[in-house]
Amino acid sequence: MPEDTGAELRSSISAPPGGVMTDEVGVITGDLELATTCADGAVEVWIRYAGADEWYRLSAADCRLHDPRDHEALHNALAAVLNRP
């Protein structure tokens, strides 16, 4: 995950059945950490295995917000959808 990209939020999640698709390594499963960054309304979504160093991009999840103040709501919605232990 790039450094100094603006506001960053993180959540611990458990992957849903079938895992989550990443751009770099395909599907990952298990206990994960979700991170979103927002700079000038541009949101990037990252995911990694809990406790790992390497981050991966969550496929097709990046977006642009009309109002950057919606970053927290978007992050919480992603965490809620993806966290299905």
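Scroll up to find the structure.
Structural notes, computed from the coordinates. (Residues numbered from 1 in each chain as written. Predicted model: local features only at pLDDT ≥ 70, side-chain atom pairs only at ≥ 80, totals over all residues. Heavy atoms only, no water.)

1. A few points about the overall build of the chain
Then, in step 1: Along the chain, the regular secondary structure elements total one helix and seven strands.
Then, in step 2: Its helices and strands in sequence order give the chain the pattern β-β-β-β-β-β-β-α, from N to C terminus.
Then, in step 3: Radius of gyration (C-alpha) of the chain: 12 Å, near the 12 Å computed for a compact globule of 85 residues.
Then, in step 4: Each of the three principal axes of the chain carries a C-alpha extent, and together these read 30 × 25 × 20 Å.
Then, in step 5: Expressed as a percentage of its 85 residues, the buried residues of the chain come to 42%.
Then, in step 6: Excluding contacts between residues fewer than 6 apart, the proportion of contacts in the chain whose partners are at least 24 apart in sequence is 49%.
Then, in step 7: For the chain, the accessible area works out to roughly 4900 Å², and carbon and sulfur atoms hold 49% of it.
Then, in step 8: Treating the 6 positive side-chain charges of the chain as one cloud and the 15 negative ones as another, the clouds have centres 4 Å apart. (Helix = DSSP H or I, 4+ residues; strand = E, 2+ residues; numbered from the N terminus. Rg over C-alpha atoms; globule rule 2.2 N^0.38 Å. Buried < 20%, exposed > 50% of the residue type's maximum accessible area, 1.4 Å probe, protein only. Contact = heavy atoms within 4.5 Å. Areas by Shrake-Rupley, 256 points an atom, 1.4 Å probe, with all protein chains shown as cover. Lys, Arg positive; Asp, Glu negative; His and termini not counted. Charge placed at Lys NZ, Arg CZ, Asp CG, Glu CD.)

2. Notes on the nonpolar core
Then, in step 1: By size, the foremost hydrophobic cluster in this structure holds 17 residues, and its most contacted members are I13, V20, L32, L34, V45, I47 and L58.
Then, in step 2: Only β4 (31–39), β5 (42–49) and α1 (71–82) provide two or more residues apiece to this core. (Core = buried A, V, L, I, M, F, W, Y, C linked by side-chain atoms within 4.5 Å.)

3. As for the packing of aromatic side chains
Then, in step 1: Counted under the stated rule, the structure contains zero aromatic pairs.
Then, in step 2: If you follow R57 out to its NZ or CZ, it ends over the ring of W46, 4.6 Å from the centre. (Phe/Tyr/Trp six-rings, centres within 6.5 Å; stacked < 30°, edge-to-face > 60°. Lys NZ or Arg CZ within 6 Å of the ring centre and 35° of its normal.)

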